Structures are given as C-alpha cells and as structure tokens.
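# Examination of the molecular architecture
So you can see what is in the structure, the chains are spelled out below.
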Amino acid sequence: MPVGDAPVGDTSVAAMLVVRGVSHRFTDHDVIHDVSLTLSSGEIVAIVGPSGCGKTTLLRACAGLVSPSHGTIERHATKIGFVFQEPALLAWRRVEANARLLVDGEHVNGDTDGDGDVIVEQLLAVSGLAEHRHKWPHELSGGMKMRLSLVRTLAAKPQLVLLDEPFGALDQLTRHHLHDEFLRLHAQQRFTALMVTHAIDEAVYLADRVVVMSPAPGRIIAEFEVAQHVPHSPASRESSRRYDPSFAALCGRIAARLGDHS
Amino acid sequence: MKRVVPPLIVFVVIIAGWYALAYSLDNNFASVDGSPLIVPPPHMLFDGMNAPTWQRITSALAISAITAIVGLLISLVVGVSLGVVMSFSRALESALWPWLIALQVTPIIVLTPIIVRIIGASFGARVVVTVLISFFPIASNTLFGMRGVPRALHDIFTLARASRWRRLTQLQLPAASPAIFAGLRVSAGLAVIGAIVGDFFFTRGTPGLGRLVVFFFQDTRSGPMFVTALVAIFVGLGFFVTVSLLRRLLVSPWDHN
C-alpha cells in the first residue's frame, strides 16, 4: 500500500533532515508507521494530525531523543534546537540567564567563536525581552515565556529546529504576534524547521509545506506546498495573507483531508 | 496586627497556664524559704541562677549547638549525596532504599550506648548519633526532587550534549533545591533533638544541655532546669529560623509553586 508522497529529487546536497521509512512501536502498537520526509535547508515544514497520531514521537525521533524501531533518520545538522509546548524554562535562572543557557554550554565546550553574547543580546532585543532581563520566569506572561523559550533555542544557532506545538497554549492574539516574530527570526537565521501543530491555520501561515498525518498509527496521507495554493506566500510573508480567501481555502482542503481519516 | 495578636493571645494563655500549674501543684514551694521545687512560676524563673550556673549552661549550650551544627552539615552532605547516587541508578535505589527506611524507623537513641561503646564518649560519637537521626529527610527529598525534573528540561540538556556533571549542577540540583530545603527544615529539628537527647548517654566529660537538665533535676534546682530547657528550645528555634532565612534567600525568589 503506497503511503504518503515520498519526496522526489536529489536530497543529498541541500537536505537537512531525511526521514526514511520510519516506524515506531510502543510495547504493543505502532504509533507511527512508515513515515518518509525530507526537509531542505532553510525550509519550514509543518505536520498536522489528530492528537495521538505520533507527531511528538516523530519529532523526538528526528531530534535523536528516541531511536525509531524501523527506518533511518539522517540529520545534517551539528546543532539541533527543540521547542516544547511548555516553555520549559529553568525557574531558578533569570530571563537573561535562561536565554544564555545553551550559549554558556558552548563556552564550556570551548568551541564557540565568542559571538554568543551578541546573539543573545540581539534576540532579547528583537523579542522585547531585553527590558525584562532581570525578571524570574514566573514573573513573565505566557507569551513572554514562549518567546524566551524560542530565544534560548535560537541563541545556540541551531541549523535544525524542531517545534512541538510551540504556540498551542497561547491565546489567539499572542499566537499571531509570535508567528510573525518566528518568521522574522527565520528570515534572519535561515534555520530549517519541522513543526508539529494541531492548528491548521498556524501550519499554513508558517510553513512552506504542510504534511498531514492520519490517526494512529500515524502515516503521511497528504502534503501541500503552501506557495502553490496561497499566492503571495510564503516568500513575501505578509501577515495580511491570513485574510486572503486562498488562505482559508487551503485550510479548508487540509481540514477535509484530516476529516477523511478521523 | 492579625499576624501578631493571635500568637500573643496564645502566649498569655501559656503564661497563665504556667502560673496555674505552679500554684496548683502540691509541695511546689519549699517550706523554709518559699523557693520553687518543681515548677518555678515565670517571675521566679531566674531566682536560682548565679554566675557558675550560667557558666555551666553556656558550656552545655556550646557543646550541644556545635554538635547539632556539625551533625546537620554532615547530614546535608551525606543526605544530598545519597539522594544523588540513588537518582542515578534504579538498581542502587532499590538496593539502598529498604535499609535507609530500616535506619529511619529505628529509634537511633537506643543505639547510642552501642555507638558510644564503639567510638568512645567523644565529640565524634555525638555527631554520629546526630547524623543518623537527621540525614534521612534530606536524602529522601533530594531523591524525589531530582526524580521530579520534567522530561522536557532533561531533553534540552540531552540535545546540548551536556555532561552528567553539568546536568547535575545546572539542572537536577537546582530543580531539587526546594525539596532539599523542605527536607533540611525537618532535619534541622531532628539534629537539635539528636544532639540534646543523645547527650543523655554521655556520662563523662562536659555535659550538654540534655544531661545538664538531668543534673539540675537531681539537685532539685527547678529554676536552672527550666532555664536550661528554655535554652534548648531557643537552639531549636535558631535552627528553624536559620534554615527558613536561607530558603527565603536562595529559593523563594524564583520558586512559585
């Protein structure tokens, strides 16, 4: 039975992440089944799917935190960043020290070029956290905590960033702000991103490509190149495209695809 | 006001009860000079005190307080180390845990004569008794605190290829520190008890607060006996306040759970 659309073309040069025929089994049942996926350098790919379809497991496997039961995962990145649904901040470090967490580690390992401080400062400024640098995490709002989580991850200059429903716990307005911030940071750093979400509009707004997964055991059942469906995106990254009819139309098609299998 | 008045009312009740007890006891006052024999009323508390008596209480205080402090510090090191070691390996935890429980439920005081027989009636023996009585809450709280670190935080350190040392010092111990302080507070009380009660079994050398109370009791000097007991209470209070202050300084600013 053919499963999903295995990406075609030369994946050797620009590929940042290559997932080949990955299945993963928990004790008695498959959570993901025969997933293949390739991310080119600089690309943003979103995975949407019903809850329990193994999205998080796939993401953890891509990060190397889980070894899949079958299949292979190639990572052409030396540094991998992971953003969780919860901000996962260190409560005992102030904002600035949290932002520096992964940069400080580089100093210890001695393989940094010393620009970590500059990046942290820049990211704190861009994310509006600079004036809150001496606060404790518990003094921040939910949106600010998530910003800090992003800043901490990106300060280490990862080539590959994996995001597990990073904006899921935020209110709509804060989410939209953070979406644009995320795209600005992506434009600066050009990292490759694989994001799991259950919000279709978020996937369409942020990603170059949206991958739809079936209920458990999760398989890839469809892929959509966003640029083919929503005109002036994603290159222009205008926030107004949220209100373009083509945007809603693509969301509708993806929702229909998801609905077929739920 | 609401924080001061209710405890103050209880204080007045305690003093009143103290007076009631002192004057309701039969034969509480010597027929010769009216000095208290069993329970001195509060205003006569210091009647039997003189310079040599203060001297004895001060040296007893020194010995008990230093025993408790050294014992508690060693308990902190031993307890945290045991918690860390057990959190590193389920096998070690299952090997050690039953014996720690066994030690915890043993009334260590009954072991004191044996410890004194083995080590000798020395300062070291006092400290050993104190440590045995007080280290367990620190060990168990360290273990539970370290086990409670969320998986996401561990993942971050794993992806950063953090060394075990870095994971321990930058993640697990700070995350466990509120739990460690909760254990330390219980252990501080136990260390004071261990230092003072353990003292009963040391029949030679300068007496600590525990044995001094017995001496004054045998001499029916109820005033100095009560003063000594009060000093012991203040030692316990001092430990409690010190640990609370340290917690407020180190943990409270960021820990809001």
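Residues numbered from 1 in each chain as written. Chains lettered and ligands numbered in written order. Predicted model: local features only at pLDDT ≥ 70, side-chain atom pairs only at ≥ 80, totals over all residues. Heavy atoms only, no water.

### Quick notes on the interface of chain A and chain B
Heads up, the condition is: Whether two residues touch is decided by their heavy atoms; if any such pair falls within 4.5 Å, the residues are in contact. Take the accessible area each of two parts loses on contact, using a 1.4 Å probe, and add the two losses: that sum is the buried area. We define a salt bridge as a side-chain nitrogen of Lys or Arg found within 4 Å of a carboxyl oxygen belonging to Asp or Glu. Under this definition, polar contacts are N or O atom pairs within 3.5 Å; protein pairs additionally need one hydrogen-donor-capable and one acceptor-capable atom, and for neighbouring residues in sequence, both atoms have to be side-chain atoms. Where helices and strands are cited, they refer to DSSP runs of H or I of at least four residues and of E of at least two residues respectively, numbered from the N terminus. Only Asp, Glu, Lys and Arg are considered charged, only Ala, Val, Leu, Ile, Met, Phe, Trp, Tyr, Cys and Pro nonpolar, and every remaining residue, Gly among them, polar.
Taken together, the contacts link 20 residues of chain A with 18 residues of chain B. Interface area, chain A with chain B, both sides summed: about 1,800 Å², of which 68% is carbon and sulfur. Here chain A and chain B share one salt bridge between them. Across the pair A:Arg60 and B:Asp155 runs a salt bridge, and its minimum N-O distance is 2.5 Å. Counting the contacts that link chain A with chain B gives seven residue pairs in polar contact (both at pLDDT 80 or more). Those elements that place two or more of their residues in the side of chain A that touches chain B are helix 1 (55-63), strand 5 (80-83) and helix 2 (95-109) of chain A. Residue contributions to the side of chain A that touches chain B peak at three residues, all from helix 2 of chain A. Taken together, the residues of the side of chain A that touches chain B sort by class into 13 nonpolar, three polar and four charged.

### Some words on the packing of helix 4 (residues 142-155) of chain A against helix 5 (residues 172-189) of chain A
Residues and elements named next belong to chain A. Spelled out, the test is: Angular values range over 0 to 180 degrees, each being the angle between N-to-C directions of two axes fitted as lines to C-alpha atoms, with helices fitted over their stretch in contact. Roughly parallel here means an angle under 35 degrees, roughly antiparallel means over 145, roughly perpendicular means 65 to 115, and every remaining angle is called oblique. Left-handed describes a crossing in which the near helix is turned anticlockwise from the far one by less than a right angle; the clockwise case is right-handed.
Where helix 4 meets helix 5, the closest approach of the two axes is 11 Å, and the angle between their N-to-C directions is 15°. Classified by the interaxial angle, the pair formed by helix 4 and helix 5 is roughly parallel. Here helix 4 runs over helix 5; the crossing is right-handed. In this structure, helix 4 contributes Gly-143, Met-146, Arg-147, Leu-150 and Leu-154 to the contact, and helix 5 contributes Thr-174, His-177, Leu-178, Glu-181, Phe-182, Leu-185 and Gln-189. Class assignment for the residues of the contact of helix 4 with helix 5 results in six nonpolar, four polar and two charged.

### Considerations on the sheet that holds strand 7 (residues 192-197) of chain A
Residue and element names in this part refer to chain A. Applicable threshold: Two strands are counted as paired when DSSP detects at least two bridges linking them.
Across the sheet, which stays open at both edges, the six strands sit in the order 5-6-7-3-8-9 with mixed pairing between neighbours. Looking at which strands have only one partner, the edges of the open sheet turn out to be strand 5 and strand 9 (220-225). Strand-to-strand twist of the sheet, defined as the mean angle between neighbouring strand axes without regard to direction, takes the value 15°. Strands in contact with helix 1 are strand 3 (44-48), strand 5, strand 6 (160-164), strand 7 and strand 8 (209-213); relative to strand 6, the strand with the most contacts, it is inclined by about 160°.

### Description of the pairing of strand 9 of chain A
All names here are of chain A. Heads up, the rule is: Categorising residues by exposure relies on relative accessible area from a 1.4 Å probe, with only protein chains included: less than 20% of the type maximum marks a residue as buried, more than 50% marks it as exposed, and the intermediate range marks it as partly exposed.
Taken across its six residues, strand 9 has five buried, putting it largely inside the fold. Bridge analysis of strand 8 against strand 9 gives five bridges, and the strand direction is antiparallel. Its bridge partner being in strand 9, Arg-209 is matched across the sheet by Glu-225. Turn length for the strand 8-strand 9 hairpin, with the two strands adjacent in sequence and antiparallel, is six residues.

### Thoughts on the sheet that holds strand 4 (residues 70-75) of chain A
Residue and element names in this part refer to chain A. Taken in spatial order, the three strands of this open sheet run 2-1-4, and their pairing is antiparallel. Taken across any chain shown, the strands that pair with only one partner, and hence form the sheet edges, are strand 2 (29-40) and strand 4. Direction aside, the axes of adjacent strands within the sheet are offset by 15° on average. Pairing analysis gives five bridges linking strand 1 (residues 15-26) to strand 4, with the strands arranged antiparallel. Looking at the pairing, Arg-20 lines up with Thr-72 of strand 4. Running over the sheet, helix 1 touches strand 1, strand 2 and strand 4 and is turned about 55° from strand 4.

### Digging into the pattern of salt bridges
Residue and element names in this part refer to chain A. Evaluated as defined, the whole model comprises 15 salt bridges over all chains. With a closest N to O distance of 3.3 Å, Arg-133 and Glu-96 form a salt bridge. Pair noted here: Arg-133 is in the loop between helix 3 (116-126) and helix 4 and Glu-96 is in helix 2, with a separation of 37 residues, a long-range link. It is possible to trace a salt-bridge network through shared partners that takes in Glu-43, Arg-209, Glu-223 and Glu-225.

### Side note on the domain arrangement of chain A
Many authors give the size of an interface as the accessible area that is lost as the parts come together. All names here are of chain A. As a reminder, the rule being used: What counts as a domain boundary in this text is fixed by an automatic or database domain assignment.
With domains assigned, chain A is organised as domain 1 (1-78 + 159-262) and domain 2 (92-158). Taken together, the contact between domain 1 and domain 2 spans 16 residues of the former and 14 residues of the latter. Carbon and sulfur atoms supply 68% of the area that domain 1 and domain 2 bury against each other, a total of about 1,300 Å² over both sides. Considering only the surface of domain 1 that becomes buried against domain 2, Glu-181, Leu-185 and Gln-189 emerge as the three largest contributors, covering 36% of it. Counting the contacts that link domain 1 with domain 2 gives one salt bridge. The salt bridge partner of Arg-147 is Glu-181, with a shortest N-O separation of 2.9 Å. Applying the counting rule to domain 1 against domain 2 returns three residue pairs in polar contact (both at pLDDT 80 or more). Those elements giving two or more residues to the side of domain 1 that touches domain 2 turn out to be strand 6 and helix 5. If you tally residues by element for the side of domain 1 that touches domain 2, the top one is helix 5, at eight residues.

### Points about the nonpolar core
Our working definition: Working definition of a nonpolar core: buried Ala, Val, Leu, Ile, Met, Phe, Trp, Tyr and Cys residues. They are joined through side-chain atoms within 4.5 Å.
Counting residues in each nonpolar core, the largest one holds 80 residues, and the members touching the most others are A:Leu162 and A:Leu194. Per-element accounting of this core gives the leading share, eleven residues, to helix 8 (residues 164-197) of chain B. Residue-level mapping places this core at the junction of two domains, with at least three residues from each of domain 1 (1-78 + 159-262) and domain 2 (92-158) of chain A. Leaving out residues up to four positions away in the same chain, A:Leu162 has contacts with A:Leu59, A:Cys62, A:Ala63, A:Ile80, A:Gly81, A:Phe82, A:Val83 and A:Leu194. With 50 residues, the next largest nonpolar core counts A:Leu170, A:Leu183, A:Ala193 and A:Cys251 among its residues.

### Details of helix 5 (residues 123-134) of chain B
Basically, it comes down to this: Helix span, expected: 1.5 Å multiplied by one less than the number of residues in the helix.
In a regular helix each residue adds 1.5 Å, so twelve residues correspond to 16 Å; helix 5 of chain B covers 17 Å between its end C-alpha atoms and thus fits that length. Next to the buried residues of helix 5 of chain B lie helix 2 (51-88), helix 4 (112-119), helix 6 (136-147) and helix 8 of chain B.

### Thoughts on the environment of B:Ala91
Examined against the element boundaries, B:Ala91 turns out to sit in helix 3 (residues 90-105). With 61 residues separating them in the primary sequence, B:Ala91 and B:Ala152 have C-alpha atoms 24 Å apart.

### Regarding the state of the cysteines
By definition, a disulfide links the sulfur atoms of two cysteine residues through a covalent bond. All names here are of chain A. Operational definition: Note on terminology: disulfide denotes any pair of cysteine sulfur atoms within 2.5 Å.
Across all of its chains, the model carries zero disulfides over all chains by this definition. Cys-53 takes part in no disulfide bond, and the closest cysteine sulfur to it belongs to Cys-62, at a distance of 13 Å. Classification of Cys-53 as buried rests on a relative accessible area of 0%. Free cysteine: Cys-251, not disulfide-bonded; nearest cysteine sulfur from Cys-53 at 18 Å. Given a relative accessible area of 13%, Cys-251 falls into the buried group.

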